[in-house]
Structure formats: structure tokens, C-alpha cells
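Working through the structure, step by step
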Number of protein chains: 4
Amino acid sequence: MDYQRVIENIHKDFQSKKGCGKVADYIPALAETDPMQYGISVATLEGGQYEVGDACKKFSIQSISKVFTFAMVMGHIGDEIWESVGREPSGNPFNSLVQLEYEHGIPRNPFINAGALVVTDRLMSLYDRPKEALLDFIRSLCGNADIYIDQRVAKSEREHADRNMALAYFMKSFGNIKNDVDTLIDVYCSQCAISMNCNDLSKSFLFLANHGVNPLNGERLLTISQAKRLGAVMLTCGFYDESGDFAFRAGLPGKSGVGGGIVAYIPGNLSIAVWSPGLNPHGNSLLGVETLERFTTDISNSIF
Amino acid sequence: MDYQRVIENIHKDFQSKKGCGKVADYIPALAETDPMQYGISVATLEGGQYEVGDACKKFSIQSISKVFTFAMVMGHIGDEIWESVGREPSGNPFNSLVQLEYEHGIPRNPFINAGALVVTDRLMSLYDRPKEALLDFIRSLCGNADIYIDQRVAKSEREHADRNMALAYFMKSFGNIKNDVDTLIDVYCSQCAISMNCNDLSKSFLFLANHGVNPLNGERLLTISQAKRLGAVMLTCGFYDESGDFAFRAGLPGKSGVGGGIVAYIPGNLSIAVWSPGLNPHGNSLLGVETLERFTTDISNSIF
Amino acid sequence: MDYQRVIENIHKDFQSKKGCGKVADYIPALAETDPMQYGISVATLEGGQYEVGDACKKFSIQSISKVFTFAMVMGHIGDEIWESVGREPSGNPFNSLVQLEYEHGIPRNPFINAGALVVTDRLMSLYDRPKEALLDFIRSLCGNADIYIDQRVAKSEREHADRNMALAYFMKSFGNIKNDVDTLIDVYCSQCAISMNCNDLSKSFLFLANHGVNPLNGERLLTISQAKRLGAVMLTCGFYDESGDFAFRAGLPGKSGVGGGIVAYIPGNLSIAVWSPGLNPHGNSLLGVETLERFTTDISNSIF
Amino acid sequence: MDYQRVIENIHKDFQSKKGCGKVADYIPALAETDPMQYGISVATLEGGQYEVGDACKKFSIQSISKVFTFAMVMGHIGDEIWESVGREPSGNPFNSLVQLEYEHGIPRNPFINAGALVVTDRLMSLYDRPKEALLDFIRSLCGNADIYIDQRVAKSEREHADRNMALAYFMKSFGNIKNDVDTLIDVYCSQCAISMNCNDLSKSFLFLANHGVNPLNGERLLTISQAKRLGAVMLTCGFYDESGDFAFRAGLPGKSGVGGGIVAYIPGNLSIAVWSPGLNPHGNSLLGVETLERFTTDISNSIF
């Protein structure tokens with residue numbers, strides 16, 4: 001398959017859609033992002049790397065970081081994590097808090113904010129320096145030492161973290177947060193503020209396409225079964241209240257962030273990262289979702 | 001792959017689990033089912049058929065019928081159906097009604113009861129004799145003319161249909177049910193009461209594994225894209241509030257019914273039906289879910 | 001207190017507000033009501049009757065009928081009714097169905113539709129001819145034989161009763177409706193369609209101001225304790241999601257209907273009926289609420 | 001009316017119920033309260049004071065403090081407060097958070113925790129030293145300088161304030177909390193930890209029975225209209241999810257606290273405080289509610 005040509009065609013055909021959607025504006029540091037940027041990167045298990053557009057420009061990975069922290073925690077404590085967080089879709093955004101109350105502080109899945117806070121809390125219990133451990137983990141996945149936390153974004157996140165503070169204290173009242181809430185929010189805001197580009201991201205998801213083994217160094221990070229399970233959770237929960245729709249359209253497990261990035265993968269084959277800052281009403285990159293739907297159509301390959 | 005040996009091993013290893021779970025007892029006609037029955041059937045696109053245990057005994061397919069009615073309606077009216085029913089998981093059972101109210105009578109997906117009622121309502125608008133049309137459709141899929149509605153079960157369903165009557169009238173108040181409610185409930189109860197065995201069911205899902213084409217006669221029932229989409233909806237919504245967990249454990253698109261049947265498939269490869277009447281607390285066959293998790297583990301093949 | 005002058009002053013001062021609000025339009029028979037009508041009637045335990053404006057014109061009492069059916073049922077079966085219906089405010093309209101599900105088919109109070117359906121269902125179990133019994137009850141309260149069901153309105157109600165059908169079937173699925181749903185809806189639509197004028201209504205609430213005794217004939221209909229309790233439920237639940245606000249503004253127990261009528265009373269003293277068809281966003285007569293707030297201010301008397 | 005004899009009779013008749021219910025145990029400092037204590041105090045506008053049992057022992061007033069802070073804020077900023085907090089019952093406890101989300105951070109009423117936090121936040125904006133101002137206000141109401149914050153209880157409250165921290169941060173995310181959350185929680189925990197006895201409390205509510213004027217010094221604290229409105233809000237919202245039931249049984253405006261205290265009043269007449277630490281499942285003093293129901297029955301006087 002000539003992936004280079006496939007993504008170039010898509011990139012060309014979708015030029016007119018650049019700038020569509022609404023750049024995330026809940027923090028000033030994100031609001032000023034140029035909406036016209038658009039990059040695609042594909043990495044294959046055979047070692048190929050294909051890119052087009054703004055695939056080398058770094059952006060804020062935001063919620064995509066939840067996949068990394070979850071993989072780290074799952075790799076360490078295994079199925080024990082499921083005592084603290086569920087694996088069912090959350091229904092709709094409106095329900096998040098009532099479900100947390102109804103289900104006694106156990107978030108529905110690790111990819112809604114409440115669940116990701118629990119995962120980061122466990123990461124803090126596993127590592128003395130959780131931020132550094134996370135950066136090292138990502139660097140080893142993408143083979144790039146130049147992965148860092150954008151301190152300006154992290155600071156802006158912390159200044160607008162009232163909702164996440166509320167979620168953390170609420171779960172702490174149920175005993176499902178173990179560490180200090182202020183420190184937890186600091187780590188969480190830092191992980192969201194990690195800067196990466198499409199090439200970094202496509203490479204860093206190859207270990208999932210490779211059933212749990214980092215293809216760069218052969219290290220097994222997750223068992224085959226854990227990798228399968230993480231994929232299933234991404235497919236059913238990776239796109240907020242649009243998860244069903246993304247599975248429906250693209251037919252791939254993946255994860256999006258409000259920075260405009262989306263990473264997805266085809267098991268045993270490849271991973272693909274797209275970046276376009278304009279979001280649709282569900283908070284997922286508008287052009288990113290369309291790109292991935294078109295990609296699986298063009299290569300006639302999805303998991304279904 | 002020696003599927004016959006795989007399913008025989010599973011069937012043997014799980015003998016001690018027969019009778020586990022709780023047989024559906026919301027209607028008398030189902031409550032008297034012998035809980036010790038256990039059958040498995042695999043059908044491959046290459047034409048193979050493998051069975052073990054009670055794979056030839058007929059049982060009530062219940063909600064599995066929702067896949068057939070949905071495929072029929074989707075094949076006729078295409079994407080128009082998505083104006084009347086969503087494709088997102090429903091969160092939890094407790095939410096069903098409030099979501100229906102909050103989302104103005106549009107059910108979350110075609111596999112919760114509310115959504116299936118909308119689909120059956122559309123089927124009634126398409127066919128003068130919807131029950132007969134549905135039976136003909138299923139017969140052509142499994143190549144067996146001996147598929148019928150168990151009138152005793154259908155009658156029992158109608159006598160305990162207050163909740164479905166409520167759902168139908170509620171959606172009618174939003175204009176999302178077009179036909180007479182009493183007739184709708186009659187058709188709906190009849191489709192749930194269709195009797196089939198595991199061999200019938202595994203064969204009848206091959207058109208999905210075959211990307212929309214009935215392998216028995218080469219007829220295209222769904223476009224490739226529609227088949228992909230139906231698979232995605234089954235994966236995210238096919239098991240009520242346990243959909244995420246089933247994807248997590250078995251990693252396959254599928255559909256269960258409270259009669260104790262589950263049918264799932266691997267695109268491009270095979271379909272598999274399991275029957276064991278004892279249900280877990282989410283209303284899915286307890287041994288059926290375990291069988292499918294073990295099956296994908298043993299053949300080292302899932303969609304992830 | 002010169003009640004005649006008080007209500008004449010209010011009526012004069014509020015002339016410019018006639019026509020404000022929105023006439024109920026969910027059924028055609030109500031939608032055509034002239035919005036400019038405005039009547040007030042006061043009846044005192046001392047036997048006085050004061051009126052101004054359109055106090056003699058009949059209108060559809062709608063939900064005000066729920067007070068009459070509830071008083072009849074409470075008078076017959078006493079505290080037993082509280083096993084089937086609660087006495088807590090319902091929070092907000094959006095919650096009605098989820099609360100019904102969460103609380104297993106027991107409506108929050110007798111003045112939301114679900115609760116009133118349960119009450120009418122019990123009335124049907126008590127009387128062979130419930131509609132006639134209800135009319136006789138009201139006639140004896142207001143001393144006017146000319147109280148009847150407006151059949152045109154009743155028919156229109158029945159044709160738009162899908163939501164109430166849904167509520168009734170939903171509660172029946174929990175065993176909290178005993179009679180045939182179609183018949184229940186017919187009786188319920190009939191009670192809503194009763195025609196009365198302000199003078200009829202103010203007189204018919206005097207038995208509540210009189211602590212349970214019909215002042216016209218000395219018959220005790222409710223015990224003192226039952227009358228106190230019915231008043232408390234009216235104060236906390238009589239105005240849908242605006243009950244707290246009405247208590248806050250007018251400080252009186254009362255009940256409104258979407259026909260634009262409101263009846264309220266001061267225990268030991270008087271009752272007052274207002275009619276103005278324009279409704280506020282909560283479904284209560286806009287000018288009616290303002291009239292009652294002004295009335296308690298002008299006479300310096302409320303229950304607080 | 002011989003109030004002394006009325007309360008002595010009740011106190012004697014209810015001896016066998018002392019110790020019923022469950023003492024609040026969410027903080028250690030309350031859990032160790034002796035459950036056998038039971039006091040009643042009545043204060044009349046004519047200057048009478050009647051007491052029986054443990055009416056002189058101080059206890060933690062907890063949520064009763066919400067009436068004092070609300071009266072102070074209402075007295076200062078008047079109707080402006082209703083832009084930040086509603087006056088409708090909250091439905092049920094389960095809804096508190098979802099309603100806050102659904103209604104954009106505006107709590108339903110000032111007597112649920114979320115609403116009381118908003119009120120205390122406004123108090124902080126009005127006074128440099130809000131705790132001292134509150135104590136002075138209460139001292140002037142009951143004519144007793146010996147009113148203080150129990151620092152041991154306040155400290156215990158702060159150590160178990162995760163849920164209130166969550167509520168405060170959640171509302172801050174909507175802009176409805178203006179001050180620093182840590183300081184707010186400190187003030188809030190302090191107000192809950194104020195110690196008073198039944199005699200203090202009955203006297204301190206006389207200004208409400210007196211339509212807003214402190215009878216001790218003639219100072220008008222609330223307008224007549226404000227006093228009426230505060231009474232209405234107490235009646236509809238003063239007893240959590242049991243407000244409707246308390247109105248139904250006792251027929252009086254009042255407020256309870258988890259310390260086991262309840263204060264209620266009859267406008268134009270008297271106020272009454274009861275203390276018994278055992279709570280019913282709704283968090284209101286079990287014997288306190290029964291005492292007040294019996295009291296209004298015995299004196300044949302309620303607001304209905």
C-alpha cells in the first residue's frame with residue numbers, strides 16, 4: 001500500500017476544510033493556536049514512516065496523554081486497576097458527575113477526566129517523580145529525546161483547573177484518590193501539556209499495533225491480552241461522547257485530545273496521527289475525524 | 001485452524017459451569033427453559049460448519065433479532081435511519097428513559113429496546129407484512145426454511161409488555177413512532193419470539209463477516225461501508241451496559257439475547273453462535289460471554 | 001377587610017398585563033382561548049363572595065381537578081394512599097421519568113401527572129362511575145349543579161395523550177396502576193376537561209380553608225389532620241417546578257392548571273380563585289401568580 | 001396556652017424513644033455525642049420561655065447556621081442573592097450534583113450544602129471577619145454573649161470536607177464562588193461548629209416569628225416581605241429530601257442540623273427548638289421531627 005500517496009491525496013482534497021471547527025479556548029495558551037495547521041503521519045510495523053503537511057510541528061497532546069499513563073499503570077499493576085476505574089462508555093458528558101455519585105466514586109473508564117485523574121493518582125503512587133517517568137516512557141516509545149512539558153500551557157491549565165479540582169475532591173471523598181489533590185492536579189496538568197508532533201505520536205502508538213511490544217527495542221510493555229483490552233477500551237471510550245460515532249465512521253481504536261490531535265492504529269499493521277486544531281462540538285478534531293474516516297475508506301481496511 | 005477441536009475443548013472444559021447464572025424469568029414462557037443446555041456453532045466464510053453440544057436445539061433469539069431488523073431497514077433506507085436513532089452507547093440502564101427525554105425521543109442506539117422499537121416501526125412502514133418479511137430475510141441468510149415465531153413466547157411477551165408500551169408511547173409523544181402502538185408491540189414481541197438454533201444463527205451472521213454479501217447466494221444486502229458501520233455499532237452497543245466489558249474481554253462485534261444466545265463474528269473470517277440460558281447480572285449469557293472470551297484467546301484472533 | 005375593593009384595585013392596576021404570557025397550545029381546544037380574559041373571585045368562611053372581571057366565565061380547570069380527586073381518595077382510604085404516591089417536591093420537570101424509574105414507579109407527589117394518574121386509578125377502584133362521582137363531589141362543594149365535562153376538550157386531550165399513556169404503562173410495569181390504561185386515560189382526560197368559573201372554584205376550595213368540613217352542608221370530608229396535610233402538599237408541590245417560588249411570592253397553599261386558573265386559600269379565613277389564560281414558562285398563569293402575590297401583600301396576610 | 005405543660009407531656013410520653021435513630025458519625029467529634037439527650041425549648045413573642053429536659057446543654061448547630069448566614073446576606077444585599085442561588089426544593093439528594101451541572105452552578109436553594117456555600121461566600125465578601133460577624137449576629141438574636149465556635153468540631157469538619165471542597169470548586173468553575181476555596185471551607189466548617197443550646201436557639205428564631213424584627217431590641221433585620229420569603233424557603237427546603245414530609249407532618253417552617261437540633265416557628269406567635277442526636281435516614285433528628293408533629297397537634301396550631 002502506497003501510504004505516502006494516500007495521505008497526500010487526503011491532505012490535498014481536504015485543503016478547503018482547514019480552519020473549520022473551533023479551536024479549544026478554555027485556556028488562553030491553547031486559544032491562540034493557528035487553526036490552519038494540518039498534519040498527518042503514518043508509521044508502520046515494517047518500519048515505514050510517511051508524513052504530509054504540519055507533521056513536524058509540536059502541539060499540546062492533552063488527553064492523548066491518558067493512553068500513556070494508563071499503559072504505564074496497567075503494565076505495573078495489571079487488572080488491579082479495574083477495581084478503581086471501569087471500562088464502560090460514559091453515555092454522555094452531562095452524566096459524568098451523576099454517574100460518579102451513583103457509582104460511588106468509580107469513574108466509568110480511564111479516558112474521561114475523572115478516570116484519568118485516578119490513573120495519574122496511581123502513577124504518583126508508583127513513581128517518586130511521575131512527570132519524569134512519563135516523559136521517559138514516551139521518549140522510549142517514539143525514539144525522540146526531545147519530548148517535554150510546555151510549562152506555559154501547564155501553568156494555564158492549572159489556573160483553569162477548578163472543574164478537575166472538584167472531580168478529584170469528589171472522588172477523594174469516596175476514597176478513590178490516594179494522594180494530595182493539589183499535587184495530583186499539578187501532575188495531571190503537566191501530562192496534558194506535553195508537546196509532541198504527529199511523527200512522534202504515530203511512532204509512540206506502534207507498541208499498541210504491535211500487541212504490546214515496543215518495536216524500537218523489543219521490550220514488552222503490555223501482555224497481548226492487555227494490549228487487546230486497551231484497544232477495546234480506546235474503541236468504546238476514546239472519543240468522549242462521540243466514541244460510538246468514531247468507531248462507526250473510522251472503525252479504529254484511537255484517542256483524541258482537545259489540542260486537535262488524534263492517534264489511531266490498525267492492530268498488526270500501522271498507526272496514524274492527525275493534527276488539525278479546529279474541534280467539532282464533541283471536542284474532537286473536526287478535520288482529524290474526517291481524515292481518519294477517509295483513510296480507512298481509501299485503504300479499505302479497518303478492524304471491522 | 002481446527003475449529004472443531006477448539007470448540008470441543010472449550011465445551012469440555014466448561015462443563016462444570018453449565019447451569020450457572022440465572023435464566024430469564026420476566027415471562028413464564030422463558031422461565032421454564034432447562035438451564036443445563038449449552039451449544040456452540042462456528043461457520044466460516046470458506047464454507048465450514050462446526051458444532052458441539054446443543055447446537056441443534058432451537059431457542060428464543062430475543063434481542064438478536066434486532067440485528068436482522070436493523071440490517072433490513074438500513075439496507076432499504078440507508079443513512080436516513082440515523083435521523084431517528086443514534087449510535088452511541090447508552091451509559092447505563094438506569095439512564096435509558098432520562099436520555100430519551102433529554103434527547104427528545106431519539107434513542108441512543110438501535111440495540112436498546114427504545115431504538116429497536118423505532119427500527120421495527122420503520123420496518124412496518126416498509127412492508128405490508130413485516131413479520132413474514134423478517135422471517136423470509138432470516139431464512140435466506142441461514143438457508144433454512146424452518147424458522148418460525150414461537151407463538152406461545154410471543155403471547156407471553158405481549159402480556160408483559162407494559163414497559164415497552166411506555167417506551168413506544170413516550171417516543172410517539174415526540175413524533176418518533178409513526179405506526180399504531182398496539183400493532184408495533186405485536187410485531188416487536190413476535191420478532192423477539194423467533195426460534196433458531198446455534199447452527200442457524202452462526203450461518204445467518206456470515207453476511208456480516210462477509211462485508212454485507214450473503215455468501216449463500218451472493219446477494220449484497222449492505223454496502224461494505226454499511227457492514228463496517230453495523231459492526232462498529234454492535235461492538236459499542238451490542239451487550240447493553242456490558243458492551244465495553246464484552247469488547248474488552250472478547251474483542252469481537254456481536255449481539256446477545258436474554259434467551260441465552262450470543263452471536264459474534266470476525267470480519268473476513270467466521271461467525272460463532274453460543275447458547276447457554278443462564279444470564280449474568282447484565283442480562284447476557286454468563287457461559288456465552290466466557291466461551292467467546294476463551295474462543296478468541298484460543299485462536300489468538302480478535303479484531304484488536 | 002374590604003375584599004371587594006382589594007380585588008377591584010388589583011384588577012384595575014393589572015389591566016395592562018392582560019394578554020401577557022402564552023396560552024396553552026398542546027391541544028387545539030385550549031389554544032383558541034381568548035388570552036385577554038381575567039377574573040378574580042374571593043369566598044370567605046363567613047359567607048362572603050366577592051368577584052371582579054371574568055369571574056363568571058367557565059374555563060377548563062385542568063390540573064386543579066387533581067385536588068378534588070385526591071381529596072376524594074384521601075377521604076376514603078386515608079394514609080394508605082401514601083404507599084402508592086409520595087409527598088416530596090419533584091425537583092424539576094426533567095427528572096420526572098428518571099425519578100419514577102429510580103423510585104420504582106412511585107411518583108413523587110399527587111400533583112405531578114404521574115401521581116395524579118395513580119390517584120385517578122384508585123378513584124376508579126372506588127367508584128363504578130368515577131366521572132359522575134367526581135362531578136357530584138365538586139357540585140356539592142360549590143353548590144352549583146351546572147358543573148360538567150367539556151367533551152370537546154376531553155376528546156382533544158385524549159388525542160394528545162401519548163405522554164400520559166407512557167407514564168401510565170410505565171407505572172403499570174411496576175404494578176402501581178391497577179386498572180386498564182385506556183380507561184384510565186379516558187377518565188383522566190375527562191377530569192382535566194371539567195368546566196368551572198372563578199366563583200365555582202373559590203367556593204369549592206372553602207372546605208380546605210375550613211379544615212376539612214364543607215361549609216355549605218357541614219359534612220366533614222377530611223379530618224383536620226388530613227386537611228393540614230393536603231395544604232402542606234399543595235404548598236410544596238402545587239405549582240410544578242415553580243412551587244418553591246409560588247410559596248416564596250404568595251405564601252399560600254394552592255393549585256394551578258394550564259387552563260390559566262389558580263385557586264389558593266388562607267386556612268381559617270378564605271379562598272381565592274384567579275383566571276387568566278396566559279402562562280409563564282413554568283406553565284402557571286402569569287397574571288394569576290402576580291395577582292396572588294399582590295393579594296397577600298395588600299391584605300398583609302399569608303401563612304408565613 | 002400552657003406551653004410548659006404541653007412540652008412536659010410530650011417529653012414524658014417520648015421517654016422511651018430517646019436514643020432512637022443514628023447519631024451523625026461522618027466526623028469523630030460528632031460521633032461521640034451521647035444519644036440519650038433530649039431537650040425542648042419554646043420562646044413566645046409575648047416574652048415567655050419554656051423548657052424541659054436537656055434544653056440548657058450546648059450542641060453543634062450544624063446546618064441551622066445556614067438560616068443565620070442567609071438572613072445576614074439577605075438583609076444586606078436583598079433580592080440580588082437570588083441571582084446566585086434558587087428557591088426550589090432539590091428533589092432528592094442523589095440529584096444535587098447533576099442539578100448543579102444542569103443549572104450551570106446555581107444551587108437549587110440556600111439550605112442544601114452547595115447553596116449554603118454560596119451564601120457563606122457572599123458573607124465573606126461583605127465582612128472582613130465573617131466568623132466574628134456571624135457570632136455577633138447570633139448573640140444579639142438570643143441575648144447571650146456565650147455563643148462560640150467549638151474548635152474541636154471545626155477542625156474535625158475541615159478534615160472531612162472533601163465533598164464540600166468538590167462542591168465549592170465545581171461552582172467556582174461556573175464563576176459562582178468568588179473567594180478562595182480553602183478560606184471558604186474554613187469559614188463554612190466554623191459556622192457549622194457553632195455551639196448553642198435549645199434556649200439560645202428558640203430565642204434566636206423569634207425574629208422570624210416577629211416578621212423580621214429582633215424582639216430583644218426592636219431592630220429590623222429583614223423586611224416583612226423578606227421574612228415571609230425566608231419562611232417559605234424554610235418550609236419547602238429546610239429538611240433536605242424530607243422537606244415535603246416535614247411540612248406534611250408538622251406544618252411549620254423550620255430548619256434542622258445533623259447535630260440533632262431542629263428549630264421551627266409559628267409566625268406571629270412563637271418559636272420552638274428541639275434537640276435529640278439520633279437521626280432518621282434523611283439526616284433529621286428522629287425524635288425532633290416527632291416532637292414537632294406532636295407539638296402542633298397538641299396546640300392545634302400550624303400554618304395550615
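Anything mentioned here points back to the structure above.
Residues numbered from 1 in each chain as written. Chains lettered and ligands numbered in written order. Predicted model: local features only at pLDDT ≥ 70, side-chain atom pairs only at ≥ 80, totals over all residues.

To continue, consider the sheet that holds strand E5 (residues 148-149) of chain B. All names here are of chain B. Pairing in this open sheet of three strands is antiparallel, and the strands run E4-E6-E5 from one edge to the other. Of all strands in the sheet, those with a lone pairing partner are strand E4 (59-60) and E5, marking the two edges. In terms of strand pairing, E4 meets strand E6 (residues 194-196) through two bridges, oriented antiparallel. Paired with Ser60 across the two strands is Ser195, which belongs to E6. (Pairing = 2+ DSSP bridges. Helix = DSSP H or I, 4+ residues; strand = E, 2+ residues; numbered from the N terminus.)

Residue-level contacts link 12 residues of chain C with 12 residues of chain B. If you list the elements that add at least two residues to the side of chain C that touches chain B, you get helix H4 (96-102) and helix H8 (162-173) of chain C. Element by element, the count of residues in the side of chain C that touches chain B is highest for H8 of chain C, at eight residues. Each residue belonging to the side of chain C that touches chain B can be placed in one class, and the counts come to seven nonpolar, one polar and four charged. (Contact = placed C-beta atoms within 7 Å. Nonpolar A, V, L, I, M, F, W, Y, C, P; charged D, E, K, R; others polar.)

Here we take up helix H14 (residues 286-298) of chain A. Residue and element names in this part refer to chain A. A rise of 1.5 Å per residue sets the reference length of H14, with its 13 residues, at 18 Å; its end C-alpha atoms lie 19 Å apart and thus fit the reference within 8%. Along H14, the residues that are buried comprise Leu286, Leu287, Gly288, Val289, Glu290, Thr291, Leu292, Phe295 and Thr296. Taken from the residues just after H14, Ser300 is the one with a positive phi, measuring 45°. (Expected span 1.5 Å × (residues − 1). Buried ≥ 20, exposed ≤ 12 C-beta atoms within 10 Å, placed from the backbone.)

Note on the copies: chain C fits chain B at an RMSD of 0.0 Å, the axial shift is 0.0 Å, and the rotation between them is 180°. In short, the pair behaves as if placed about a two-fold rotation axis. Closest approach to the rotation axis among the C-alpha atoms of chain C is made by Ala166 of chain C, whose C-alpha sits 1.9 Å away. With an isologous cut-off of 70% or more, the 100% of interface residues of chain C that recur at the interface of chain B puts this contact in the isologous class. (Least-squares fit on C-alpha atoms with pLDDT ≥ 70 in both.)

Residue and element names in this part refer to chain A. Mapping Asp25 onto the fold places it in the loop between strand E1 (22-23) and helix H2 (28-31). Expressed as a C-alpha distance, the spacing of Asp25 and Gly259, which sit 234 residues apart in the sequence, is 9.9 Å. Apart from the residues within four sequence positions on either side, Asp25 is in contact with Leu30 and Ala31.

So, on to the interface of chain B and chain A. Residue-level contacts link 29 residues of chain B with 28 residues of chain A. Contributing elements (two or more residues each) for the side of chain B that touches chain A: helix H12 (224-237) and helix H13 (243-249) of chain B. Looking at the side of chain B that touches chain A element by element, the count peaks at eight residues for H12 of chain B. Looking at the side of chain B that touches chain A residue by residue, the classes come out as 11 nonpolar, 12 polar and six charged.

Residues and elements named next belong to chain A. The end-to-end C-alpha distance of helix H6 (residues 130-142) is 19 Å, a good match for the 18 Å that 13 residues give at a rise of 1.5 Å each. Against the buried residues of H6 lie helix H3 (65-77), helix H5 (113-126), helix H9 (181-192), helix H10 (198-204) and helix H11 (206-209). Gly143 sits one or two positions beyond H6 and adopts a positive phi of about 65°.

Here we come to the packing of helix H5 (residues 113-126) of chain B against helix H9 (residues 181-192) of chain B. Residues and elements named next belong to chain B. It is the contact of H5 with H9, at a shortest axis distance of 10 Å, that shows an interaxial angle of 110°. The angle between H5 and H9 falls in the class roughly perpendicular. On H9, the residues that touch Leu117, Thr120, Asp121 and Met124 of H5 are Leu184, Val187, Tyr188 and Gln191. Residue composition of the contact of H5 with H9, by class: five nonpolar, two polar and one charged. (Axes fitted to C-alpha atoms, helices over the stretch in contact; angles between N-to-C directions. Parallel < 35°, antiparallel > 145°, perpendicular 65-115°, else oblique.)

All names here are of chain B. At a closest axis distance of 10 Å, the pairing of helix H8 (residues 162-173) and H9 adopts a crossing angle of 130°. Considered as vectors, H8 and H9 are oriented oblique to each other. Seen from above, H8 lies across H9 with right-handed handedness. For the pair H8 and H9, the contacting residues are Asn164, Met165, Ala168, Tyr169 and Lys172 in the first and Val181, Leu184, Ile185 and Tyr188 in the second. (Left-handed = near helix turned anticlockwise from the far one by under 90°.)

Residues and elements named next belong to chain A. Taking burial as the measure, the six residues of strand E2 (residues 39-44) include five buried ones, the bulk of the element. As paired elements, E2 and strand E3 (residues 49-53) share five bridges and run antiparallel to each other. Opposite Val42, over in E3, you have Tyr50 as the bridge partner. Here E2 hands over to E3 after four residues, with Gly47 in that stretch at a positive phi of 100°.

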